[in-house]
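Secondary and tertiary structure notes
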Amino acid sequence: MSTDREFTEFYLATYRRLVGQLFVLTGNRHDAEELAQEAFSRALPRWTRISGYDAPEAWVRRVAFNLAFSRRRKALRGAAALLRLGGDRFHDGDSSDGVAVAEALRAVPVRHRQALVLHYVVDLPVRDVAAELGVPENTVKTWLRRGRQQLHAALCTDDTTTADELLSHLRP
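Keep in mind it's a predicted model, so treat the numbers as computed, not measured. (Residues numbered from 1 in each chain as written. Predicted model: local features only at pLDDT ≥ 70, side-chain atom pairs only at ≥ 80, totals over all residues. Heavy atoms only, no water.)

**Thoughts on the packing of aromatic side chains**
Taken as a whole and assessed by the stated rule, the structure comprises nine aromatic pairs. Both rings, one in Phe-7 and one in Phe-40, keep their centres 6.4 Å apart while their planes meet at 75°; by these two values the pair is edge-to-face. Of this pair, Phe-7 sits in helix α1 (residues 2–26) while Phe-40 sits in helix α2 (residues 29–43); the two residues are 33 residues apart in sequence, bridging distant segments of the chain. Both residues of the pair, Phe-7 and Phe-40, belong to the buried class. Relative to Trp-47, the ring of Phe-10 lies with its centre 4.7 Å away and its plane at 35°, an arrangement referred to as tilted. (Phe/Tyr/Trp six-rings, centres within 6.5 Å; stacked < 30°, edge-to-face > 60°. Helix = DSSP H or I, 4+ residues; strand = E, 2+ residues; numbered from the N terminus. Buried < 20%, exposed > 50% of the residue type's maximum accessible area, 1.4 Å probe, protein only.)

**Observations regarding helix α7 (residues 126–133)**
Every α-helix winds through 3.6 residues per turn, so residues three or four apart in the chain are directed the same way. Of the residues making up α7, those classed as buried are Val-126, Val-129, Ala-130, Glu-132 and Leu-133. Viewed along the axis of α7, the buried residues span an arc of 165°, placing them on a single side of the element. Structural note: α7 exposes Arg-127 and Ala-131 on the side pointing more than 90 degrees away from its buried face. Among the residues trailing α7, Gly-134 stands out with phi positive, at a value near 70°. (Arc of directions from axis to C-beta.)

**Thoughts on unusual backbone geometry**
Residue Asp-123 is not a glycine yet carries a positive backbone phi of 70°. Counting through the fold element by element, Asp-123 comes out in the loop between α6 (110–121) and α7.

Here's what the structure looks like:
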């Protein structure tokens, strides 16, 4: 029973934070909640092993991010198939988010977006982002720089606002 209680405490302590991170990644609150729930449901049967990790939250986040990327790839394949069949133009039915930064993040390549979320929202240092993504630190630095440049181009109308300042507002 203590295992169930430990998992419940872990879930309650980390769920909102993970949903916030996934919202920034996906730009859709419903998708973020669904992905978080799926990641936690995958963690529950493995909890005795995962709870012994240095950062069980990182394991759940990694699963959720992987699910998000899989969902995105599947959607892109479906959209490409419909376009080949002559389908109508696509549009996102969720126009209610209205968050300019989240909207601009959708245009940033997925790997750059993932690095931005882990660094600015999760507040991981570059070294930890590199370890979590399984890439060299210089790759993460490049992704962060390019992601910031794209956000700056999309969102900043003046030269006084930096992409770093915009991203600092994303922390839940």
